[in-house]
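Residues per chain, in single letters:
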Amino acid sequence: MYQRALSLIAIGGVEVKNRIARTAHATMMARGGGITPELIAYHLARAEGGVGLTILEAAGVHPSSVLSLANLDDSIIDGYRALAAAMAPTGMRVFQQLWHGGHIYPQPDGAPPLAPGTVPSHIAGIAPRPLTRRQIAEIITAYAAAARRCEVGGLDGVEIHGGHGYLLAQFLSPVHNQREDEYGGDLEGRMRLLREVLGAVRDAVSPGFAVGVRLSDSADPRILAMDDVAAVAARLRDEGLIDYVNMSWGDYYALQRQVGGMDAPTGFQIPYTAPPVADFGLPRLLNGRFRTLEEVEQVLREGEADLISMVRAHIADPEIVAKSAAGHPERVRPCIACNQGCIGRAATFGRLGCVVNTAAG
């Protein structure tokens, strides 16, 4: 039972004990940008429940864009070491998502956000400042330095966020990126920054350290079409820049595509995210409101993915894997996809929670 879901998988030089992952999601449990005991305890509960891979919530790599975690200098390394030490006995692998929001949010000091050009996001409603070449070089260096800190801190890998309408996705977009230099123009130019970021990250870490990318299209294909996303993923693979791809669906123009509610069926993203990376040759991590290992097993057996993310399901019950593997899936507390605690509470009260699991957060 669950033969595929509970099987080993290699991501670059990292062996993951099963195909169950938790992709990056905002807990808002960091304090001052750093790792806290509360954040460690939250992830440890899921690690002890049997999850194979966790990707920590987006860590800002540059002072111009920070949400909760901030990987800006070496002060975060001790926090990473404490987290890695806590997770080590469980066998769960830990990656860190590295991120820059671009024009989605103003800078922490209230200044206009940085972006490819002056096209504002409908979230911030502020005309951003176009990045200069010097600032682009600074951000590339910042990604590489952040990745190095993750490895020094004992984590197993990093994921570069190139989706959901954030900075690197803005550079991929023919609407948001209207630059006339080498970082704009056709898709070749628009993907240059993402390729240079990944190349710098690769150079900054050891060969066995896993490097991946998260990609998604836009709810408006004129902004970023899935065909372009597929071409970018293939290019990154062919150039040896990534060890896995994490495919998602949508951006802030239609948040319900990213995080489906009660109306979304199991695996609702799969018809859109699996075809662009079919026969990809590298591990494919896919998402889409999965609640049980039975659902995960079916998708894995059909060959549409190599790992499946179960984020909200593990907020509702940290022990899904352990209970299911022990033959008691009926004991799993199910996520109802209400999005009130995991998203609503984090957004309004500044800390993740859960309607069906009051202990979460």
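Not measured: the values here are computed from a predicted model.

**Some details on the overall build of the chain**
Item 1. For the chain, the helix and strand inventory stands at 13 helices and 13 strands.
Item 2. In terms of overall dimensions, the chain is globule-like: its C-alpha atoms have a radius of gyration of 19 Å, near the 21 Å expected for 361 residues.
Item 3. Referenced to the eigenvectors of the C-alpha coordinate spread, the extents of the chain come out at roughly 60 × 40 × 40 Å.
Item 4. When burial is assessed residue by residue, the chain has 60% of its 361 residues classed as buried.
Item 5. Looking at the chain alone, contacts between residues at least 24 apart form 66% of all its contacts between residues at least 6 apart.

**Some words on the side chain of asparagine 246**
Item 1. If you trace the backbone, asparagine 246 turns up in strand S11 (residues 244-247).
Item 2. With a relative accessible area of 0%, asparagine 246 lands in the buried category.
Item 3. Side chain to side chain, asparagine 246 and glutamate 159 meet in a polar contact 3.1 Å long.
Item 4. When near neighbours in sequence (up to four residues on either side) are disregarded, asparagine 246 contacts Thr23, Ile55, Glu159, Val213, Arg214, Leu215, Leu285 and Asn287.

**Re empty space enclosed by the protein**
Item 1. Going through the model one piece at a time under the given rule, you end up with two cavities of 30 Å³ or more.
Item 2. By volume, the largest cavity is sized at about 120 Å³.
Item 3. Among the residues forming the lining of the largest cavity, the class breakdown is six nonpolar, 10 polar and two charged.
Item 4. Lining the second largest cavity are 15 residues, with Cys335, Cys338, Asn339, Cys342 and Cys354 positioned closest to its centre.
Item 5. The set of elements that each furnish at least two residues to the lining of the second largest cavity consists of helix H11 (311-316) and helix H13 (340-349).
Item 6. Partitioning the lining of the second largest cavity into residue classes produces 10 nonpolar, four polar and one charged.

**Structural notes on unusual backbone geometry**
Item 1. A positive phi angle is found at arginine 289, which is not glycine, with a value near 60°.
Item 2. Within the fold, arginine 289 resides in the loop between strand S12 (284-286) and helix H10 (293-301).
Item 3. In this model, asparagine 339 sits at a positive phi of 65°, which is unusual for a non-glycine residue.
Item 4. Here asparagine 339 shows up in the loop between helix H12 (320-325) and H13.

**Considering H10**
Item 1. Inspection of H10 places Leu293, Glu295, Val296, Glu297, Val299 and Leu300 among the buried residues, and these make up the whole buried set.
Item 2. Next to the buried residues of H10 lie strand S3 (20-22), helix H9 (270-273), strand S13 (307-309) and H12.
Item 3. Positive backbone phi, at 80°, marks glycine 303, one or two positions downstream of H10.

**Digging into helix H3 (residues 133-152)**
Item 1. In this model H3 runs 29 Å from its N-terminal to its C-terminal C-alpha over 20 residues, within 8% of the 28 Å that 1.5 Å per residue would give.
Item 2. Looking only at H3, the buried set comprises Gln135, Ile136, Ile139, Ile140, Ala142, Tyr143, Ala144, Ala146, Ala147, Arg149 and Cys150.

**Quick look at the nonpolar core**
Item 1. In terms of nonpolar packing, the biggest core is built from 93 residues, with Leu98, Tyr143, Ile160, Leu194, Leu215, Ile308 and Met310 touching the most fellow members.
Item 2. When residues in this core are grouped by element, the largest group, nine residues, is from H3.
Item 3. Setting aside its immediate chain neighbours within four residues, isoleucine 308 contacts Arg19, Ile20, Ala21, Leu285, Leu286, Phe290, Val296, Val299 and Leu300.
Item 4. Core analysis: the second largest hydrophobic core is formed by 13 residues, Ile9, Leu53, Phe95 and Leu307 among them.

**Comments concerning the pattern of salt bridges**
Item 1. Applying the stated rule across the entire model yields 22 salt bridges.
Item 2. The partner of glutamate 38 in a salt bridge is arginine 31, with the nearest N and O atoms 3.8 Å apart.
Item 3. Given a relative accessible area of 56%, arginine 31 falls into the exposed group.
Item 4. Arginine 133 is the partner of glutamate 182 in a salt bridge, and the nearest nitrogen-oxygen pair spans 2.9 Å. Note that glutamate 182 is positioned in the loop between helix H4 (167-172) and helix H5 (187-190) and arginine 133 in helix H3, a separation of 49 residues in sequence.
Item 5. Residues joined by salt bridges that share partners form a network here, namely Glu188, Arg195, Arg235 and Glu239.

**A closer look at the packing of helix H1 (residues 37-48) against helix H2 (residues 77-87)**
Item 1. Taken N-terminus to C-terminus, the directions of H1 and H2 make an angle of 25°; their axes are 10 Å apart at the nearest point. It follows from the interaxial angle that H1 and H2 lie roughly parallel. Once H1 is placed against H2, the crossing between them reads as right-handed. Taken together, the residues of H2 that come into contact with H1 (itself represented by Ile40, His43, Leu44 and Ala47) are Ala82, Leu83, Ala86 and Met87.
Item 2. Looking at the contact of H1 with H2, its residues break down into seven nonpolar, one polar and no charged.

**A closer look at a nonpolar patch on the surface**
Item 1. On the surface, Met262, Ile336 and Val355 cluster together to form a nonpolar patch covering roughly 280 Å² of accessible area.
Item 2. Within the element layout of this structure, valine 355 appears in the segment after H13.

**Details of the confidence of the model for the chain**
Item 1. A residue-level look at the chain finds 100% of positions with pLDDT of 70 or above and a mean pLDDT of 96.
Item 2. The secondary-structure element of the chain with the lowest mean pLDDT is H13, recorded at 80, while strand S9 (residues 157-161) shows the highest, at 99.

**A closer look at the packing of aromatic side chains**
Item 1. The full count for this structure, using the stated rule, is six aromatic pairs.
Item 2. Judged by centre distance (6.3 Å) and plane angle (50°), the ring pair of tryptophan 99 and tyrosine 105 falls under tilted.
Item 3. The partly exposed category is assigned to tyrosine 105, whose relative accessible area is 25%.
Item 4. Taking the centre distance of 4.0 Å and the plane angle of 5° together, the rings of tryptophan 249 and tyrosine 272 count as stacked.

Rules behind the numbers
Residues numbered from 1 in each chain as written. Predicted model: local features only at pLDDT ≥ 70, side-chain atom pairs only at ≥ 80, totals over all residues. Heavy atoms only, no water. Helix = DSSP H or I, 4+ residues; strand = E, 2+ residues; numbered from the N terminus. Rg over C-alpha atoms; globule rule 2.2 N^0.38 Å. Buried < 20%, exposed > 50% of the residue type's maximum accessible area, 1.4 Å probe, protein only. Contact = heavy atoms within 4.5 Å. Polar contact = N/O pair within 3.5 Å; in protein donor to acceptor, adjacent residues only side chain to side chain. 1 Å grid on protein atoms, 1.4 Å probe; cavity = no way out; pocket = protein on both sides within 12 Å on 5 of 7 lines; lining within 4 Å. Points joined across faces, edges and corners; volume = space filled by probe spheres on them. Nonpolar A, V, L, I, M, F, W, Y, C, P; charged D, E, K, R; others polar. Expected span 1.5 Å × (residues − 1). Core = buried A, V, L, I, M, F, W, Y, C linked by side-chain atoms within 4.5 Å. Salt bridge = Lys/Arg side-chain N within 4 Å of Asp/Glu carboxyl O. Axes fitted to C-alpha atoms, helices over the stretch in contact; angles between N-to-C directions. Parallel < 35°, antiparallel > 145°, perpendicular 65-115°, else oblique. Left-handed = near helix turned anticlockwise from the far one by under 90°. Patch = residues over 30% accessible without salt bridge, like charges linked within 9 Å, V, L, I, M, F, W, Y side chains within 5 Å. Areas by Shrake-Rupley, 256 points an atom, 1.4 Å probe, with all protein chains shown as cover. pLDDT = per-residue confidence, 0-100. Phe/Tyr/Trp six-rings, centres within 6.5 Å; stacked < 30°, edge-to-face > 60°.

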